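# Residue-level structure breakdown
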Amino acid sequence: MCGIFAYTGTKDCREMLVNGLRMLEYRGYDSAGIMALSEESDIFLEKAVGRVSALASKVDEKKWDSIKYTTWIAHTRWATHGGVTVENTHPHISTNERFYVVHNGIIENYKELKKSLSEKYSFYSQTDTEVVAKLVESLYDGNLKSTMEKVVAKLVGAYSLAVVDSENPGEIVGIKLWSPLIVGKSNDWVYISSDINALSNLAESFSILEDNEMVVIENGDYSIFMSWKKVERDAEAVQEGQKIDELGDFTSYTEKEIFDIPAVLENVWSGRIDFKNKSIHNETLDALSDLDIERICIISSGSSYYAGEIWNYFFRKFSWIQASAIISSEFLSDVFIPDSKTLYIFLSQSGETADVRESMKIVKAKRCMTFWIVNVVGSTIARMADLGLYSHAWVEVGVASTKNVIAQIWVLLMMSISLWLKKDLQISDAREIISELSRLPDKISQALMQGPHIKKLAKKYSVYNDMFVLGRNYFYPVAGEASLKIKELSYIHSESYSAGELKHGPLALVSETFPTIVFNPMGKFYAKTISNIQEVSARKGPILGFISSNDTHKELYTDTIELPETSELLSVFTGLVSSYLFALYLAEALERDVDKPRNLAKSVTVE
Ligand code: M6R
């Protein structure tokens with residue numbers, strides 16, 4: 001939610017700044033802005049509503065003369081306070097036009113602050129960030145660092161801020177609480193960014209700021225401070241897996257990321273699973289099995305929630321441990337009754353989702369057992385507890401989560417199998433599952449080969465305004481995830497139900513123009529779902545089935561997508577992947593912006 005990118009160095013790198021902003025665009029793409037400062041305090045400021053490309057065109061059109069700008073701050077916005085307008089676009093400016101601020105997060109007490117500042121300053125925007133710019137001016141004591149200490153003492157909420165004093169070129173001050181901020185370096189270029197994506201192809205090393213830490217960039221280097229004390233911390237080297245891949249022949253990152261899934265799976269289990277001996281080797285999982293766990297509760301949002309629910313169905317089938325999955329914002333809305341025998345797992349691709357982060361704070365405060373499963377290395381949630389595993393899905397650029405969902409379910413399965421093996425329970429089942437899972441990348445590759453057929457069907461179904469998505473048991477949360485992907489990517493209204501629930505009300509909507517998508521591979525509940533399909537068919541509703549090739553009722557479906565021959569367990573994965581392709585191609589048929597669906601952001605850092 002909002003991306004910050006800032007830079008100081010000897011080179012005038014507006015192109016690099018705009019590219020960095022592009023890498024952060026998935027955090028928000030309502031509008032973007034840039035401010036540059038020369039050694040002589042010349043100021044360049046440009047803002048544009050819409051994508052970074054709109055800002056880039058404006059920046060390109062500008063006549064750059066011979067002025068050399070060496071201090072830059074830039075921002076891409078996901079609107080929270082105030083509409084999508086140029087006035088609300090960052091950087092925000094103090095009244096004396098001296099201080100420039102970019103911000104990610106929410107200042108919860110901005111109204112009170114604005115009220116008191118209004119006596120002296122007039123405001124041009126509806127944002128909470130403008131309040132920070134005015135505060136900097138009102139509290140300025142001749143030193144930006146000490147001023148920022150005073151500013152943040154007045155703020156309630158979550159923030160990462162980068163601030164420039166236009167009378168002091170070459171210096172940028174950054175500070176954070178609950179929102180991420182990273183500082184990177186290569187030679188004498190120093191960067192600040194909301195996440196590693198903008199830096200990974202530029203910096204050689206980086207440091208992730210802890211809460212309340214301040215980074216001061218000056219003279220081509222940086223220092224980190226906490227309460228005025230300098231923090232000595234070794235910078236980390238940027239790793240290959242943290243770099244964003246080229247698109248290659250794919251038309252979008254979302255498409256590339258779906259096709260990356262077989263390779264991602266191999267990456268997830270590499271060094272963790274020994275398929276030959278059907279065993280799992282992982283220190284973290286060993287540590288987990290030493291804990292006295294009687295229950296597991298997964299807390300997450302969006303696709304990560306569905307990943308948790310899918311796993312939950314598996315887990316309930318095989319385990320003696322009770323498991324549940326809960327939407328993080330609902331966890332926050334309920335009364336928390338701490339349970340010392342429950343392991344609370346926080347599942348998040350970005351590791352920044354505010355609802356998940358806040359839930360984790362509550363659980364940690366009660367000293368309950370916490371565990372995270374996160375994709376983005378070094379993200380906030382991954383730094384809040386010692387015990388956790390990375391989902392190792394590499395950088396996911398598409399706002400719609402695809403490869404990471406599969407990786408998350410995988411890590412959860414690996415965790416359960418490890419627990420089963422260590423507790424000497426269900427050994428044969430667990431070992432059987434391991435050997436079955438080794439076939440998964442091949443099966444997913446087979447599912448992906450159906451791409452052209454799925455594309456044709458997606459074109460046909462793209463004319464509808466509404467769809468139901470149904471499934472039972474494992475395929476109930478799979479239907480939820482597929483429906484989320486259809487909404488998010490194609491903007492077609494779709495709702496998911498347990499197949500058995502349709503007759504309890506939603507069936508009233510079924511008609512010739514209201515299709516139903518159903519997941520019904522061969523398995524325990526096949527026959528029951530067939531009855532539900534008949535109920536739809538009797539009302540002339542078109543039916544698209546994700547089915548097994550040996551389905552004996554193919555005549556009931558209007559159209560079918562056949563899943564590769566596998567066990568029911570593996571068909572959960574192949575079904576998900578096929579539904580991702582279907583949602584992607586629906587979106588393409590409707591000419592949607594697949595990687596950046598409207599109104600959304602990849603990293604949801606507000607509650
Ligand atoms: O980063 P997280 O996994 O915590 O994100 C949770 C949701 O915001 C996310 O899964 C969202 O629903 C996706 N855009 C769905 O594709």
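Note that the structure is predicted; figures quoted are calculated from it, not measured.

Rules used throughout
- Residue numbers run consecutively from 1 along every chain, following the written order of its sequence.
- Predicted model: local features are reported for residues with pLDDT of at least 70 only, side-chain atom pairs are reported and counted for 80 or more only, and whole-chain, interface and lining totals are derived from all residues.
- The basis for every side-chain value is the complete set of non-hydrogen atoms in the structure, without hydrogens or water.
- Here a patch means residues that are over 30% exposed by relative accessible area and free of salt bridges, tied together within 9 Å if like-charged and within 5 Å if nonpolar (Val, Leu, Ile, Met, Phe, Trp, Tyr).
- Accessibility throughout is a Shrake-Rupley quantity obtained with a 1.4 Å probe, and a residue counts as covered only by protein chains that appear here.
- The term salt bridge refers to a pairing of a side-chain nitrogen on Lys or Arg with a carboxyl oxygen on Asp or Glu at a separation within 4 Å.
- To qualify as a helix, a DSSP run of H or I must reach at least 4 residues; to qualify as a strand, a run of E must reach at least 2; elements of each kind are numbered from the N terminus.
- Exposed residues in this analysis have more than 50% of their type's maximum accessible area, buried residues have under 20%, and partly exposed residues fall in between, with area computed by a 1.4 Å probe over protein chains only.
- Two strands pair under a simple rule: DSSP has to find at least two bridges between them.
- Lines fitted to C-alpha atoms define the axes, with helix axes restricted to the stretch in contact, and inter-axis angles between N-to-C directions lie between 0 and 180 degrees.
- Residue contacts are counted whenever heavy atoms from the two residues lie within 4.5 Å of one another.
- What a helix is expected to span follows from its residue count: subtract one and scale by 1.5 Å.
- If a single non-hydrogen atom of a residue is within 4 Å of a molecule or strand, that residue counts as near it.
- N or O atoms closer than or at 3.5 Å make up a polar contact, with two conditions inside protein: a donor-capable atom paired with an acceptor-capable one, and, for residues adjacent in sequence, both atoms drawn from side chains.
- Throughout this entry, Asp, Glu, Lys and Arg are counted as charged residues, while Ala, Val, Leu, Ile, Met, Phe, Trp, Tyr, Cys and Pro are counted as nonpolar. The remaining residues, Gly among them, count as polar.
- Start and end positions for the domains come from either an automated domain assignment or a database one.
- Ring geometry is summarised as follows: Phe, Tyr and Trp rings, the Trp one being its six-membered ring, pair when their centres sit within 6.5 Å, and such pairs are stacked at plane angles under 30 degrees, edge-to-face over 60 and tilted between the two.
- To sit over a ring, a charge needs its Lys NZ or Arg CZ within 6 Å of the ring centre and within 35 degrees of the ring normal.
- Buried surface area refers to the total accessible area, computed with a probe of radius 1.4 Å, that the two partners give up upon joining, counted for both partners together.

Looking now at a nonpolar patch on the surface. Taken together, the side chains of Val-49, Val-84 and Val-86 define a hydrophobic patch exposed on the protein surface, amounting to about 200 Å² of accessible area. If you trace the backbone, Val-86 turns up in the loop between β4 (69-77) and β5 (92-93).

Right, let's get into the pairing of strand β7 (residues 157-165). Most of β7 sits inside the fold, with 9 of its 9 residues counted as buried. Burial along β7 is two-sided: the residues Gly-157, Tyr-159, Leu-161, Val-163 and Asp-165 and Ala-158, Ser-160, Ala-162 and Val-164 are all buried. The sheet contact formed by strand β6 (residues 99-107) and β7 spans 9 bridges and is antiparallel. Paired with Ile-107 across the strands is Gly-157, a residue of β7. Bridge count for β7 against strand β8 (residues 172-177) is 4 bridges, and the pairing is antiparallel. Looking across to β8, one finds that Leu-161 is bridged to Ile-175. Two successive antiparallel strands, β7 and β8, enclose a turn made up of 6 residues, where Gly-170 displays a positive phi of approximately 90°.

The next subject is the sheet that holds strand β21 (residues 369-374). The strand order across the open sheet formed by 5 strands is β19-β18-β20-β21-β22, and the pairing between neighbours is parallel. Of all strands in the sheet, those bounded by a partner on one side alone are β19 (322-327) and β22 (388-390). On average, adjacent strands in this sheet sit at an angle of 15° to one another, irrespective of strand direction. Pairing geometry for strand β20 (residues 342-348) and β21, over 6 bridges, is parallel. Across the sheet, Leu-347 pairs through a bridge with Ile-373, a residue of β21.

Residue placement: Glu-137 occurs in helix α4 (residues 129-139). In the structure, Glu-137 is positioned 42 residues away from Thr-95 in sequence and 7.6 Å away in space, judged by C-alpha atoms. Excluding residues that lie within four positions of it along the chain, Glu-137 makes contacts with Ser-94, Thr-95, Asn-96, Phe-99 and Tyr-121.

With that settled, consider helix α13 (residues 403-422). Between its first and last C-alpha, α13 extends 29 Å over 20 residues, near the 28 Å set by a 1.5 Å rise per residue. Most of α13 sits inside the fold, with 19 of its 20 residues counted as buried.

Around the ligand there are 15 residues in total, and Ser-304, Ser-348, Ser-350, Thr-353 and Glu-488 lie nearest to it. Between the ligand and the protein, one listed contact pairs an oxygen atom with a side-chain N or O atom of Thr-353 at 2.4 Å. At a separation of 2.9 Å, an oxygen atom of the ligand approaches a polar side-chain atom of Lys-485. With the chains in place, 90% of the 410 Å² that the ligand exposes on its own is no longer accessible. Contributions of two or more residues to the shell around the ligand are made by α10 (302-318) and α17 (475-490). Along the lines of polarity and charge, the residues of the shell around the ligand split into 4 nonpolar, 9 polar and 2 charged. Counting only domains with at least three residues in the shell around the ligand, you end up with domain 2 (248-438) and domain 3 (446-607).

Take the pattern of salt bridges next. Any two side chains of opposite charge can pair, on the condition that their charged atoms come close. On inspection of all chains with the given rule, the structure shows 25 salt bridges. Close ionic contact of Asp-165 with Arg-98 constitutes a salt bridge, the shortest N to O distance being 2.8 Å. Linking Asp-165 in strand β7 with Arg-98 in the loop between β5 and β6, this pair joins segments that are 67 residues apart in sequence. Under the relative-accessibility criterion, Arg-98 is labelled buried at 17%. For Glu-167, the salt bridge goes to Arg-98, with nearest N and O atoms at 3.3 Å. Remark: Arg-98 occurs in the loop between β5 and β6 and Glu-167 occurs in the loop between β7 and β8; sequence separation between them is 69 residues.

The subject of this paragraph is the packing of aromatic side chains. Scanning the entire structure with this criterion turns up 24 aromatic pairs. Ring centres of Trp-189 and Tyr-191 lie 6.4 Å apart, and the angle between their planes is 65°; this geometry places the pair in the edge-to-face category. The exposure classification of Trp-189 matches that of Tyr-191, with both residues buried. With a centroid separation of 4.5 Å and 75° between ring planes, the pair formed by Trp-269 and Phe-275 is classed as edge-to-face. Residue classification places Trp-269 among the buried positions, given a relative accessible area of 10%. Here the aromatic residues Phe-314, Tyr-461, Tyr-464, Tyr-474, Phe-475, Phe-519, Phe-546 and Phe-582 are joined through ring pairs into a cluster of three or more. If you follow Lys-134 out to its NZ or CZ, it ends over the ring of Phe-123, 5.3 Å from the centre. Above the face of the Trp-178 ring, Lys-361 is positioned so that its terminal group lies 3.5 Å from the ring centre.

In terms of domain boundaries, the protein chain breaks down into domain 1 (3-242), domain 2 (248-438) and domain 3 (446-607). Inter-centroid distance (C-alpha atoms) of domain 1 to domain 2 is 33 Å. Across the boundary between the two partners, domain 1 contributes 12 residues, which contact 13 residues of domain 2. Among the residues domain 1 hides against domain 2, the three largest losses belong to Tyr-26, Trp-178 and Ile-208. Together they make up 48% of the total. Between domain 1 and domain 2 we count 1 salt bridge in total. Taken together, the connections running from domain 1 to domain 2 amount to 3 residue pairs in polar contact (both at pLDDT 80 or more). When the residues that make up the side of domain 1 that touches domain 2 are grouped by side-chain class, the tally is 7 nonpolar, 3 polar and 2 charged.

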